[in-house]
Amino acid sequence: MQVIAPEITRRAWLIALAVPLLADTRQDILDLFTAMASALSEGIGLAFLDHVARSMPDYYKLEQNILALVAQNEVLSSIDVLKEDGNDEEQSVELDWFLQIRSREETGPLARRRQTVKCRLVRAKKKWKVMSIEPVAFFAPPA
């Protein structure tokens, strides 16, 4: 009869517990960015900004960009997560973010943007908040 060392069993048990937590974290982050992209597509800038910490550097500039973008344009927004690194409390995420921006003016232009957007997230009270997003100018309305 083979005896398994208690240390190995304990380690395996801890790893088994961590896997669902990381999966939940990954899903929570995907849900967060899906909600943000949907808010842009639905023209609800404040819903997008609800996921961003007001203490974020350049928050005011992001707020101006987002509110002007959705007020002046119809936006189609989609994201793909390219890279995710961190733990259950803090994450760094790189997104392939696509925006299709059509002016609300009848003969207004159509613009397409696609860029890698880098975000830092922190979990606060069981909810993830965007603490930084770069580049903020990606969300500016077309000139």
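Here the structure is shown first, and the text comes after it.
Residues numbered from 1 in each chain as written. Predicted model: local features only at pLDDT ≥ 70, side-chain atom pairs only at ≥ 80, totals over all residues. Heavy atoms only, no water.

J.: Got a minute to help me understand the overall build of the protein chain in this structure?
T.: Assigned secondary structure in the protein chain consists of three helices and four strands. Residue burial in the protein chain is summarised as follows: out of 143 residues, 34% are buried. For the protein chain, the exposed surface amounts to about 9,200 Å²; the carbon and sulfur share of it is 55%. (Helix = DSSP H or I, 4+ residues; strand = E, 2+ residues; numbered from the N terminus. Buried < 20%, exposed > 50% of the residue type's maximum accessible area, 1.4 Å probe, protein only. Areas by Shrake-Rupley, 256 points an atom, 1.4 Å probe, with all protein chains shown as cover.)

J.: When you look at unusual backbone geometry in this model, what are you seeing that I'm missing?
T.: What is expected of a backbone is that most residues other than glycine have negative phi and most peptide bonds are trans. A cis amide bond links E134 to the next residue, P135, at an omega of 0 degrees. Along the chain, P135 turns up in the segment after β4 (127-134). Backbone geometry places D58, a non-glycine residue, at a positive phi of 65 degrees. Looking at where D58 falls in the secondary structure, it is placed in the loop between α2 (45-49) and α3 (59-72). By relative accessible area, which is 48% here, D58 ends up partly exposed. Even without glycine at this site, K125 takes up a positive phi of about 55 degrees. Structurally, the position occupied by K125 is in the loop between β3 (110-124) and β4.

J.: Explanation requested: the pattern of salt bridges in the structure shown.
T.: Pairs can form between side chains of opposite charge once their charged atoms are near each other. Using the criterion set out here, one finds five salt bridges in the structure. Its salt-bridge partner being R120, residue E90 comes within 3.4 Å of it at the nearest N-O pair. Taken together, the positions of E90 in strand β2 (residues 90-103) and R120 in strand β3 put the pair 30 residues apart, joining distant regions of the chain. Residue E90 is classed as partly exposed on the basis of its relative accessible area of 39%. Residue class for R120 comes out partly exposed when judged on its relative accessible area of 32%. One salt bridge connects R114 with D96, and the closest N-O pair in it is separated by 2.6 Å. One end of the pair, R114, is in strand β3; the other, D96, is in strand β2, with 18 residues separating them in the sequence. Using a relative accessible area of 61% as the deciding quantity, one classes R114 as exposed. (Salt bridge = Lys/Arg side-chain N within 4 Å of Asp/Glu carboxyl O.)

J.: Please explain the sheet that holds strand β1 (residues 73-86) as it appears in this structure.
T.: Strand pairing within a sheet occurs via backbone hydrogen bonds; the two strands may be parallel or antiparallel. Taken together, four strands build an open sheet; the order of strands is β1-β2-β3-β4 and the sheet is antiparallel. Two strands bound the open sheet, and with one partner strand each, they are β1 and β4. Within this sheet the neighbouring strands show an average axis-to-axis angle of 30 degrees, counted without direction. As paired strands, β1 and β2 are joined by 13 bridges and run antiparallel to one another. Note on β2: the bridge partner recorded for V75 is I101. Sitting on the sheet, α3 is in contact with β1, β2 and β4, with an inclination near 140 degrees to β1. (Pairing = 2+ DSSP bridges. Axes fitted to C-alpha atoms, helices over the stretch in contact; angles between N-to-C directions. Contact = heavy atoms within 4.5 Å.)

J.: Quick question: what am I supposed to make of the nonpolar core here?
T.: Soluble, globular proteins show a tendency: their nonpolar side chains are buried together. Counting residues in each nonpolar core, the largest one holds 32 residues, and the members touching the most others are F33, L40, F48, L62, W97, I133 and F139. At the level of secondary structure, the elements contributing two or more residues to this core comprise α1 (6-41), α2, α3, β1, β2, β3 and β4. When residues in this core are grouped by element, the largest group, seven residues, is from α1. Apart from residues no more than four positions distant in its own chain, L40 is found in contact with F48, I66, L69, V70, V75, S77, W97, L99 and F139. (Core = buried A, V, L, I, M, F, W, Y, C linked by side-chain atoms within 4.5 Å.)

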